[in-house]
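Coordinate inspection notes
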Amino acid sequence: MVAHSQSIFSNEVTLDHIAEHWVRKTEFMLSKGIEFRNANPGQQFTDVFYEKLVATPMDALTAIYRDRESISQELHQRFMITEQQNSQHKYGTHNYHLEDFGLSKEEIDKKMKFYSAFLKTLTN
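Residues numbered from 1 in each chain as written. Predicted model: local features only at pLDDT ≥ 70, side-chain atom pairs only at ≥ 80, totals over all residues. Heavy atoms only, no water.

**Overview of the confidence of the model for the chain**
On average, the chain scores 90 in pLDDT, and the residues at 70 or more come to 99%. Taken element by element, the predicted model of the chain shows its lowest mean pLDDT in helix H1 (residues 2–7) (82) and its highest in helix H6 (residues 105–111) (96). (pLDDT = per-residue confidence, 0-100. Helix = DSSP H or I, 4+ residues; strand = E, 2+ residues; numbered from the N terminus.)

**A short note on the packing of aromatic side chains**
Counted by the stated rule, this structure contains four aromatic pairs. Here Phe-36 and Phe-45 contribute two aromatic rings whose centre-to-centre distance is 6.2 Å and whose plane-to-plane angle is 90°, an arrangement assigned as edge-to-face. The partly exposed category is assigned to Phe-45, whose relative accessible area is 30%. Ring geometry for Tyr-96 against Phe-101: centres 6.3 Å apart, planes inclined by 90°, an arrangement best described as edge-to-face. (Phe/Tyr/Trp six-rings, centres within 6.5 Å; stacked < 30°, edge-to-face > 60°. Buried < 20%, exposed > 50% of the residue type's maximum accessible area, 1.4 Å probe, protein only.)

**With respect to the pattern of salt bridges**
The tally for this structure, following the rule as stated, stands at four salt bridges. Between Glu-20 and Arg-24 there is a salt bridge, and its shortest N-O distance comes to 3.6 Å. Placement of the pair is Glu-20 and Arg-24 together in helix H2 (residues 15–39), with a separation of four residues, close to one helical turn. Residue classification places Glu-20 among the partly exposed residues on the basis of a relative accessible area of 47%. (Salt bridge = Lys/Arg side-chain N within 4 Å of Asp/Glu carboxyl O.)

**Digging into unusual backbone geometry**
Note: most residues except glycine have negative phi, and most peptide bonds are trans. Of note, His-89 is a non-glycine position whose phi angle comes to about 70°, a positive value. Along the chain, the position of His-89 falls in the loop between helix H5 (73–85) and H6.

Here it is, written out as structure tokens:
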């Protein structure tokens, strides 16, 4: 999607540059999130794993709201309507692979090792 949108404004779009940018950006965002979390140990955080969000969205939303205000009946209804109107793959699917961008799983695993280690602390 990024390649497509960039191609509207440039004739010099390369997948390797897009990959380099997004890997660096993702690494930065994840590291800043962990840094913030470590700097604020008294804060409460709610961890939502993507697989759970997709599989059981209302359970994930309930977990998010658990220690805040509860989900009102009206808000629950709005969530359900939104879910019905926006089913997964409503507009098709995106099929791409790391190799399409000149990346490998080993390269990503190496760059994101710090995040994998962090995730292990959440699941233990």
